[in-house]
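# A look at the structure
Residues per chain are reported as follows:
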Amino acid sequence: MRKLISCLCVLLLALTVSGCHGSKGMHAFVIPEDFDETKKYEITFWAKNDTNKTQTQIYEKAIRDFEKLYPNITVNMRLYTDYGRIYNDVITNISTNTTPNVCITYPDHIATYITGQNIVVPLDELFADEQYGFGGSALKYDGPARDEVIPKFLDECIVSDQHYAIPYMRSTEALYINKTFVEKLGYEIPEILTWDLIFEIAQAATEKDADGTYVLNGQKVMLPFIYKSTDNMMIQMLKQRGAGYSQPDGTVEIFNDTTKEILHMVADNVRTDAFSTFKISGYPGNFFNAGQCIFAVDSTAGATWMGSDAPLMDIPAERVVPFETEVRMIPQYDPEHPQMISQGPSICIFNKADSQEVLASWLFAQYLLTNEVQTAYAETEGYIPVTSKAQQSNAYQEYLALSGSDQKEHYHVKIAASRLLLENIENTFVTPVFNGSTSLRDAAGQMIEDTAKSIRRKQTVDEAYIDKEFDNVTALYRLDQKADTGSLEEEDLGPLPATAKALLGVLVLTWIMILLYVGREQLKKRAQN
Amino acid sequence: MKKLGNVLMASLLLLTVGCSKGSGKEAGKADTEKGEGVMTYAEYAAAETGSEVTIETYIQGSQSWWEGAARFYTQDAEGGYFIYGMPCTEEEYKKLTPGTKIKVHGYKAVWSGEVEIDEGAEWEILDGNYIAEPIDVTSLLGTDGLIDKQNMKVSFKGLTVEAANDAGDAFLYNWDGSGSEGDDLYFNVSKDGQVYSFTVESYLTGKDTDVYKAVKELKVGDKIDVEGFLYWYEGPQPHVTAVSASK
């Protein structure tokens, strides 16, 4: 009998465990009628900064100010400097049910998070809530109304037809130009530069003396054009050319003739040392500031590092070369219809068993959209606030107007970078978000990096090479697997496979047999008594 | 009897493994002879950026495993080699402990001044074991000669801890103090009136290591000796592995 009980226990345990796997997960969040201010809530906030102390201080001040307004909420911040690390840690913590409450994120990442059920809180109902939604009557701070959040940026937070995030900051990429060198080469800088012009000037800058010194800068090093994020480079070039990248349903379209042309163009310009990348050579800003680069494409959120009088510098002062810096939009194929990427952190909220805790998280997340936080954070770099309320505030307008009045807070390159985005919000775009879009983005950059590396390694880059490269990244990033486009809760998984049905049948039969056996034993005992 | 047989077999196996590990090699010394097609350090140093290189070297330290690869600080009898993003499974990574001899085939690269073997290198474990003694490069601080010791295990003696910021802190989380516990530590030291920046690289020596804790205890004015790997980022950036009071 003891053996039988042991068997039953093991079987029960196995059933319990297997029952948990793939279970329904947490209940969907329902907005409480009122926020309970009598109870203490401790929430965690995973934040990302650009290794910038001022940004850290702004987060800390925002938390202090928020806690004064809501003394029953304590916010514990964990700082990251890398989106990839946040993504990986969130994935790990989803499985242990220890996600943060509020998290800086990218919509691409959310698409993966929501493959679990009720993991991330959909925000549409919260947006519209009369008391606690945008501009809600019960809020203890002056947050933006819904129509004051820049619609384009808010739309970027839609995943599977629902808002799963709010925008926090926005940036784009900018072309930082050593104007002194361009003019020395006999060129004038137009308002919008084409890819052809960039590469033409870059080629001109590769001229060397007999002893190997570059004529333009008198140094042994010159990388005329360096691109920081080659995934963005590929994505933007394809968009500008009207070529395929992906579809919202997860269809991958990147393996096309335009991509091949782009890779050949990369190969041609690496071959002549006119072009390099961050991953191959180092931070564009370091070469730029040392007079070893004419064109550097980097985020507007990196503007404080660009230019010979930049407030942040990663190279010794003795290596900095004085020159004049100009800021332009990234190179274009069609200057009449410029297109550039929209990027920057968003904020999502993770679901918890206690709906009051989730509401506390939402109150804090929304607080990060108040004017004071928005303008302060945006001014640390070439970001822009995500609300028209903050963009149009007197404080922010005054900040923009003071461009160039000092080399720190009002550093002219930083404010020029912000203005670039402010004036081009309608020319920005984002790529479709689906479970797997992060991998596709990685693959886009990987193809440029691999091509550039192969040329530097004196390997042949031809049609056969590119076809093989397509195969390689397809396998590496599993792009041949049709992506999920939304949450599991919305999917019709269809009928159970025959093997699963058979297994369930065996389990049911086993239970019947066990119960019959137990029943028979009981009857036997009774008969004996 | 069966049990006895098993024990005997296991003992025999252990003995066999033990013998193969020590086969004709003197433990604790780096081989000076290289295998066929393997470069000497001088040949490696002279090789062009982007060219194919093959080396035999000994692991001295590693940064944490991350997404199917890790970065290794390695050294042979002549010089140091940094191997960036060497592909390995987590199981393989656990076997690549300090002292392990490896043969690496890859491409030479330079990233922000750091000479390294680029990501994706092929490797195999060889028979041999060597832990390098740090070489004292104190006299080379601030000179052009320091770069010749790049990536080697080095030591600096008699340094004075200087303030890392205007507030007088002895160390910072991240280069500008923007980080928190667990992030890289940055601290300044001086020697003969010149100030140098040293780093505790958190992926090499994280917050639970002795060196991480020791650096957090530093006070401005402390006299210290330092050991570490001579990493390079736009100039020397030693990745510190040990700190002690100056002798």
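Residues numbered from 1 in each chain as written. Chains lettered and ligands numbered in written order. Predicted model: local features only at pLDDT ≥ 70, side-chain atom pairs only at ≥ 80, totals over all residues. Heavy atoms only, no water.

### Focus on the overall build of chain A
Secondary structure assignment for chain A yields 20 helices and 14 strands. Evaluated residue by residue, chain A yields a buried proportion of 53% over its 529 residues. Residue pairs at least 24 apart in sequence account for 76% of intrachain contacts in chain A once pairs closer than 6 positions are excluded. (Helix = DSSP H or I, 4+ residues; strand = E, 2+ residues; numbered from the N terminus. Buried < 20%, exposed > 50% of the residue type's maximum accessible area, 1.4 Å probe, protein only. Contact = heavy atoms within 4.5 Å.)

### Regarding the overall build of chain B
A tally of helices and strands in chain B yields 4 helices and 13 strands. The buried share of chain B, taken over its 247 residues, is 46%. Across chain B, the fraction of contacts at a sequence separation of at least 24, relative to all contacts at a separation of at least 6, is 57%.

### Digging into the environment of A69 of chain B
All names here are of chain B. Relative to the helices and strands, A69 is located in strand β2 (residues 69-75). According to the relative accessible area criterion, A69 is buried, its value standing at 18%. For A69 and C88, which are 19 residues apart along the polypeptide, the C-alpha to C-alpha distance reads 5.2 Å.

### Re empty space enclosed by the protein
Scanning all chains against the criterion turns up 3 cavities of 30 Å³ or more. Looking at the largest cavity, its volume works out to about 100 Å³. I280, K453, R456 and R457 of chain A together with T49, G50, Y107, K108, A109, V110 and D118 of chain B are the residues that line the largest cavity. Going through the elements one at a time, α18 (437-456) of chain A together with β4 (100-111) of chain B are the ones with two or more residues in the lining of the largest cavity. A breakdown of the residues in the lining of the largest cavity according to their chemical character gives 4 nonpolar, 2 polar and 5 charged. (1 Å grid on protein atoms, 1.4 Å probe; cavity = no way out; pocket = protein on both sides within 12 Å on 5 of 7 lines; lining within 4 Å. Points joined across faces, edges and corners; volume = space filled by probe spheres on them. Nonpolar A, V, L, I, M, F, W, Y, C, P; charged D, E, K, R; others polar.)

### Looking at the sheet that holds strand β2 (residues 73-80) of chain A
Residues and elements named next belong to chain A. Spatial ordering of the open sheet is given by β2-β1-β3-β13-β6, a layout of 5 strands whose pairing is mixed. Because the sheet does not close on itself, it has two edges, and the strands there are β2 and β6 (166-167). One ladder, built from 4 bridges, connects strand β3 (residues 102-105) with strand β13 (residues 346-349); its direction is antiparallel. Within the sheet, the bridge partner assigned to V102 lies in β13 and is I349. Running over the sheet, helix α2 (residues 53-69) touches β1 (41-48), β2 and β3 and is turned about 170° from β2. Here helix α3 (residues 83-95) sits on the sheet in contact with β1, β2 and β3, set at roughly 140° to β1. (Pairing = 2+ DSSP bridges. Axes fitted to C-alpha atoms, helices over the stretch in contact; angles between N-to-C directions.)

### Quick word on the domain arrangement of chain B
Residue and element names in this part refer to chain B. Along its sequence, chain B is carved into domain 1 (25-129) and domain 2 (135-245). Taken together, the contacts link 19 residues of domain 1 with 14 residues of domain 2. Counting the surface lost from both domain 1 and domain 2, the interface buries some 1400 Å², and carbon and sulfur atoms represent 49% of this. In terms of surface lost to domain 2, no three residues of domain 1 exceed Y73, S112 and E114, which account for 35% of the buried area on that side. (Domains from an automatic or database assignment. Buried area = accessible area lost by both parts, 1.4 Å probe.)

### Some remarks on the nonpolar core
Residues and elements named next belong to chain A. By size, the foremost hydrophobic cluster in this structure holds 74 residues, and its most contacted members are Y176, F225, M233, V266 and F295. Viewed by domain, this core spans two of them, domain 1 (30-167 + 344-424) and domain 2 (173-342 + 430-476), each represented by three or more residues. Among residues more than four places away in sequence, those in contact with M233 are W195, Y227, M265, V266, F275 and I448. With 60 residues, the next largest nonpolar core counts Y83, V121, A301 and W362 among its residues. (Core = buried A, V, L, I, M, F, W, Y, C linked by side-chain atoms within 4.5 Å.)

### Quick look at the interface of chain A and chain B
With 28 residues of chain A at the contact, the number on the chain B side is 21 residues. In this assembly, chain A packs against chain B so that about 2000 Å² is buried in total across both faces, 44% of it on carbon and sulfur atoms. When the buried area of chain A at its contact with chain B is split by residue, K53, R85 and R457 of chain A rank highest and sum to 29% of it. If you look at where chain A meets chain B, you find 4 salt bridges. A salt bridge links E234 of chain B to R319 of chain A, with the shortest nitrogen-to-oxygen separation between them at 2.9 Å. (Salt bridge = Lys/Arg side-chain N within 4 Å of Asp/Glu carboxyl O.)

### With respect to the sheet that holds strand β8 (residues 225-227) of chain A
Residues and elements named next belong to chain A. Spatially, β9-β8-β10-β7-β11 is the arrangement adopted by the 5 strands of the open sheet, whose pairing is mixed. What marks the edges here is a single partner per strand, and that holds for β9 (275-277) and β11 (325-329). Strand-to-strand, the axes of this sheet are offset by a mean angle of 25°, without reference to chain direction. The pairing of strand β7 (residues 173-178) with β11 spans 5 bridges and is antiparallel. Bridge pairing in β11 places N178 opposite T325. In this fold helix α9 (residues 230-241) packs onto β7, β8 and β9, with an angle of close to 100° to the strand it touches most, β8.

### As for a nonpolar patch on the surface
Residue and element names in this part refer to chain A. There is a patch of nonpolar side chains on the surface, built from L509, I512, M513 and L516 and spanning about 420 Å² of accessible area. With respect to the helices and strands, the residue L516 is situated in helix α20 (residues 498-528). A relative accessible area of 56% places L516 in the exposed class. (Patch = residues over 30% accessible without salt bridge, like charges linked within 9 Å, V, L, I, M, F, W, Y side chains within 5 Å. Areas by Shrake-Rupley, 256 points an atom, 1.4 Å probe, with all protein chains shown as cover.)

### Observations concerning helix α17 (residues 412-422) of chain A
All buried positions along α17 of chain A are accounted for by V413, K414, I415, A417, S418, L420 and L421 of chain A. Next to the buried residues of α17 of chain A lie β7, β11, α16 (394-401) and β14 (428-429) of chain A.

### Focus on the domain arrangement of chain A
By a frequent convention, interface size equals the accessible area lost on bringing the separate parts together. Under the domain assignment used here, chain A contains domain 1 (30-167 + 344-424), domain 2 (173-342 + 430-476) and domain 3 (499-528). When each unit is reduced to the centre of its C-alpha atoms, the spacing between domain 1 of chain A and domain 3 of chain A is 56 Å.

### A few points about the packing of aromatic side chains
Residues and elements named next belong to chain A. In total, this model carries 48 aromatic pairs over all chains according to the counting rule given. Measuring from ring centre to ring centre gives 5.2 Å for F45 and F364, while their planes differ by 70°; the resulting arrangement is edge-to-face. Taken together, the positions of F45 in strand β1 and F364 in helix α13 (residues 355-367) put the pair 319 residues apart, joining distant regions of the chain. The same class applies to F45 and to F364, which are both buried. For the pair F255 and F470, a centre-to-centre distance of 4.9 Å together with 55° between the ring planes defines the contact as tilted. (Phe/Tyr/Trp six-rings, centres within 6.5 Å; stacked < 30°, edge-to-face > 60°.)

### Let's talk about the side chain of R457 of chain A
Secondary-structure assignment places R457 of chain A in the loop between α18 and α19 (463-476). Exposure remark for R457 of chain A: the relative accessible area of 19% places this residue in the buried category. Within the structure, the side chain of R457 of chain A is placed 3.1 Å from the side chain of D118 of chain B, a separation counted as a polar contact. (Polar contact = N/O pair within 3.5 Å; in protein donor to acceptor, adjacent residues only side chain to side chain.)

### A closer look at helix α14 (residues 371-378) of chain A
For an α-helix, the turn length of 3.6 residues means that residues three or four places apart are oriented alike. Those residues of α14 of chain A lying buried are V373, Q374, T375, Y377 and A378 of chain A. In the core, the buried residues of α14 of chain A are packed alongside β1, α2, α13, α15 (388-391) and α16 of chain A.

### A closer look at the pairing of strand β12 (residues 223-229) of chain B
Residues and elements named next belong to chain B. By the criterion of burial, β12 is predominantly enclosed, with 5 of the 7 residues buried. When strand β8 (residues 153-162) meets β12, the two strands line up antiparallel, connected through 6 bridges. Within the sheet, the bridge partner assigned to K153 lies in β12 and is F229.

### Focus on unusual backbone geometry
With a phi close to 50°, T51 of chain A is a non-glycine residue in the positive phi region. Structurally, T51 of chain A can be placed in the loop between β1 and α2. Phi at D192 of chain B is positive, roughly 55°, even though this residue is not glycine. The class of D192 of chain B is exposed, set by a relative accessible area of 73%.

### Quick look at the environment of V120 of chain A
Residues and elements named next belong to chain A. Residue position: V120 is located in the loop between α4 (107-113) and α5 (124-128). Take V120: its relative accessible area is 4%, and that puts it in the buried class. Here the alpha-carbon distance between V120 and A165, two residues 45 residues apart in the chain, equals 9.0 Å. What V120 contacts, discounting residues up to four positions off in sequence, is Y113, I114, Y164, C348, I349, F350 and N351.

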